[in-house]
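# Architecture at a glance
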Amino acid sequence: MQYVSSRGEAPVLGFADTLLAGLASDGGLYVPETWPVLSADTIRGFAGRPYAEVAFDILSPFVGDDIAAADLKQMVEDAYATFPHPAVAPLVQIGPSHFLLELFHGPTLAFKDVAMQLIARLMDHVLGQREQRATIVGATSGDTGGAAIAAFAASRRTDIFILFPHGRVSPVQQRQMTTSGADNVHAVAVDGTFDDCQALVKAMFNDRRFRERVALSGVNSINWGRIMAQIVYYFTAAASLGAPDRTVSFTVPTGNFGDIFAGYGAKRMGLPVERLVIATNENDILVRTLDRGRYETTGVHATMSPSMDIQVSSNFERLIFEASGRDGELVRRLMQQLGQSGSFTLPEAVLAAIGAEFDAGTTDEPATAGTIKRMLATTAYLLDPHTAVGVAVAESRLGREPMITLGTAHPAKFPAAIEKATGISPALPPSHADLMQKREALDRLPNEIGAVQDYIRARSRAVSQGAEA
Ligand SMILES: Cc1ncc(COP(=O)(O)O)c(C=O)c1O
Ligand SMILES: N[C@@H](CCOP(=O)(O)O)C(=O)O
């Protein structure tokens, strides 16, 4: 399988190079040159099979010959063995035709573990084959960072630098990033928002000299490996409800648009999906864009679902590329306008193509808290605030087909918000029992690219070893 950039100017790469590249050299995001399509019989056959087996079948065409099948199989099995739940991503019924896909049974209690546990293994494998080291950078609004650190702390070939917005992540999220004790892990609190952290990461990728010097790689959902791994659970969930003989819809709590783009990918691969519903908190840029065709950043609001406090939704670029018939020149122009003025307007045909596949809805803070409280009272199910945004939006869009809302985090990651909504303070699972007692290690940096690059240059072993093992 080959991968092309959404901006059309970067070299076409194979899977292993795409995985290590993170962002394309023209600033675009990689997508597969063609979407593999699975037959109805293949999809039907996923029902009831172990998650790791289904994952191997779905991921194999994306990986192609770059990794031997036996190695890929082993890495997939090892990745999902870290999930204590036997189903990995179980489905729970919360209404007559409404289901929750619980994606938070991994090591850091968030859906990010599903992809991160796998791509850490894939990257170490590829780096090992090449006898190289890499410097991983990531921006996080809370969950990506913890999941990446948990997955890469055991890596022998990477140093990982995670930038998070100072004071804007929950205490549990912060401690998941600052207490690993691993010497290849660097947690950095930046004086800024998540969007600032993400802009710093993209600026580092766009600085060719720096990128080459430190052998830069990324683990945000700008990396195709993340999206690829997240496609799998759309298939397992839908197949368990009767797909392909029954159509389903998905509602996805959305920030950076990676998770819902994976749902779009599943649809392109043949999964019968009626609607993909984007659910946002008060940071509703995507809802406004689908309504009016104008993508316009307005400044970020802090909410009780902090991991979705995002304005620049990176993976929307991948969708524009697809919805425009893969017009890299258009994507380049729109992204340039976004950089210059903080906004762009979608051509009507592109907006119509997006509207044909996606719905979007937003919910405010009182409604999110009300949903957590009501769900607890009526079903004894405790939602985390991000999942609650999804449930609130999904409830206004239930149709004849089953609706699957993605449960993206465990409520115990956000105890203050849950306690405020319900009066209950959820306990962390036993795997996290000593988290709040562990010693923290972090550094604080200004929102300045020079300061961040100096920090990384001084600590990356890819630099001191000339990007070689
Ligand atoms: C708990 C939680 N829910 C939802 C999201 C939004 O997912 P995405 O950024 O892929 O749209 C995130 C962050 O990405 C998250 O951490
Ligand atoms: N919500 C995310 C933001 C980064 O998203 P990613 O999926 O692109 O890594 C987080 O929790 O950090």
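Residues numbered from 1 in each chain as written. Chains lettered and ligands numbered in written order. Predicted model: local features only at pLDDT ≥ 70, side-chain atom pairs only at ≥ 80, totals over all residues. Heavy atoms only, no water.

## Some words on the packing of aromatic side chains
Scanning the model with the defined rule gives 18 aromatic pairs in all. Here the aromatic rings of phenylalanine 257 and phenylalanine 316 are separated by 5.4 Å at their centres, their planes lie at 85°, and the arrangement is edge-to-face. With phenylalanine 257 in the loop between strand E10 (248-253) and helix H11 (258-268) and phenylalanine 316 in helix H13 (residues 316-323), this pair connects stretches of sequence that are 59 residues apart. On the accessibility criterion, phenylalanine 257 (1% relative accessible area) is buried. Relative accessible area serves as the criterion here: at 2%, phenylalanine 316 is assigned to the buried category. Measuring from centroid to centroid gives 5.8 Å for tyrosine 295 and phenylalanine 316, while their planes differ by 20°, and the two rings are stacked. Placement of tyrosine 295 in strand E12 (residues 294-296) and of phenylalanine 316 in helix H13 is noted, with a sequence separation of 21 residues between them. Each member of the pair, tyrosine 295 as well as phenylalanine 316, is classed as buried. Aromatic ring contacts, followed pair by pair, group Tyr3, Phe15, Trp35, Phe62, Trp224, Phe257, Phe261, Tyr264, Tyr295, Phe316, Phe344 and Phe358 into a single cluster. (Phe/Tyr/Trp six-rings, centres within 6.5 Å; stacked < 30°, edge-to-face > 60°. Helix = DSSP H or I, 4+ residues; strand = E, 2+ residues; numbered from the N terminus. Buried < 20%, exposed > 50% of the residue type's maximum accessible area, 1.4 Å probe, protein only.)

## Thoughts on the pattern of salt bridges
Counted by the stated rule, this structure contains 24 salt bridges. Here glutamate 440 and arginine 175 are joined by a salt bridge, their closest N and O atoms 3.9 Å apart. Of this pair, glutamate 440 sits in the loop between helix H18 (415-422) and strand E16 (443-445) while arginine 175 sits in helix H7 (residues 171-178), placing them 265 residues apart in sequence. Taking the relative accessible area as the measure of exposure, glutamate 440 reaches 29% and is therefore partly exposed. The class for arginine 175 is buried, based on a relative accessible area of 14%. (Salt bridge = Lys/Arg side-chain N within 4 Å of Asp/Glu carboxyl O.)

## Topic: the site of ligand 1
Around ligand 1, a shell composed of 15 residues is seen, among which Lys112, Asp143, Gly255, Asn256 and Thr408 lie nearest. At 2.7 Å from an oxygen atom of ligand 1 is found a main-chain nitrogen or oxygen belonging to glycine 255. Contact distances for ligand 1 include 2.8 Å between a nitrogen atom and a side-chain N or O atom of threonine 408. In isolation ligand 1 offers 380 Å² of accessible surface; the protein chains occlude 98% of this area. (Near = heavy atom within 4 Å. Polar contact = N/O pair within 3.5 Å; in protein donor to acceptor, adjacent residues only side chain to side chain. Areas by Shrake-Rupley, 256 points an atom, 1.4 Å probe, with all protein chains shown as cover.)

## Regarding the site of ligand 2
Surrounding ligand 2, one finds 14 residues, the nearest of these being Thr140, Thr144, Ser221, Asn256 and Ser307. At 2.6 Å, a side-chain N or O of threonine 140 approaches an oxygen atom of ligand 2. Between ligand 2 and asparagine 256, the relevant distance is 2.7 Å, taken from an oxygen atom to a side-chain nitrogen or oxygen of the residue. Protein chains bury 96% of the 340 Å² of accessible surface belonging to ligand 2 in isolation. Residue classes in the shell around ligand 2 are distributed as 3 nonpolar, 8 polar and 3 charged. (Nonpolar A, V, L, I, M, F, W, Y, C, P; charged D, E, K, R; others polar.)

## Some words on the side chain of aspartate 195
Structurally, aspartate 195 can be placed in helix H8 (residues 194-206). For the buried aspartate 195, which has no salt bridge, the nearest side chain bearing the opposite charge is arginine 168, at an N-O separation of 8.1 Å. Looking at aspartate 195, its side chain comes within polar contact range of the main-chain nitrogen of glutamine 311, at 2.9 Å. When near neighbours in sequence (up to four residues on either side) are disregarded, aspartate 195 contacts Val300, Ile310, Gln311 and Val312. (Lys, Arg positive; Asp, Glu negative; His and termini not counted. Contact = heavy atoms within 4.5 Å.)

## Points about the sheet that holds strand E11 (residues 273-280)
As a general point, the strands of a sheet are linked pairwise by backbone hydrogen bonds and lie either parallel or antiparallel. Sheet architecture is open: 6 strands sit in the order E4-E5-E15-E10-E11-E14, paired in mixed fashion. Unpaired on one side and paired on the other, strand E4 (91-95) and strand E14 (358-362) mark the two borders of the sheet. Sheet twist, expressed as the average angle between the axes of neighbouring strands with direction ignored, equals 25°. Of the strands in this sheet, E10, E11, E14 and strand E15 (403-407) touch H11, which is tilted by about 175° from E11. Along the sheet, helix H15 (residues 348-357) makes contact with E11 and E14, crossing E14 at roughly 80°. (Pairing = 2+ DSSP bridges. Axes fitted to C-alpha atoms, helices over the stretch in contact; angles between N-to-C directions.)

## Describing the sheet that holds strand E3 (residues 30-32)
Reading across from one edge, E2-E1-E3 is the order of the 3 strands in this open sheet, with antiparallel pairing throughout. Both edges of this open sheet fall to strand E2 (13-14) and E3, since each of them pairs with a single strand only.

## Some details on the UniProt feature "modified residue: N6-(pyridoxal phosphate)lysine" (unreviewed entry) in the protein
UniProt records the feature "modified residue: N6-(pyridoxal phosphate)lysine" (unreviewed entry) for Lys112 in the present numbering. By the element assignment, lysine 112 lies in helix H5 (residues 112-130). Among all residues touching lysine 112, those that are not within four sequence positions of it are Asp143, Thr144, Ala147 and Arg226. (UniProt positions renumbered as here; feature names shortened; annotations may be inferred.)

## Observations regarding the packing of H5 against helix H10 (residues 224-240)
Look at H5 against H10: their axes get within 8 Å of each other, and the N-to-C directions meet at 130°. In terms of orientation, H5 lies oblique with respect to H10. You can see that H5 and H10 cross each other, and the crossing is right-handed. Together, Lys112, Val114, Ala115, Met116, Leu118, Ile119 and Leu122 of H5 and Gly225, Arg226, Met228, Ala229, Gln230 and Tyr233 of H10 make up the contact between the two elements. For the contact of H5 with H10, a count of residues per class yields 9 nonpolar, 2 polar and 2 charged. (Parallel < 35°, antiparallel > 145°, perpendicular 65-115°, else oblique. Left-handed = near helix turned anticlockwise from the far one by under 90°.)

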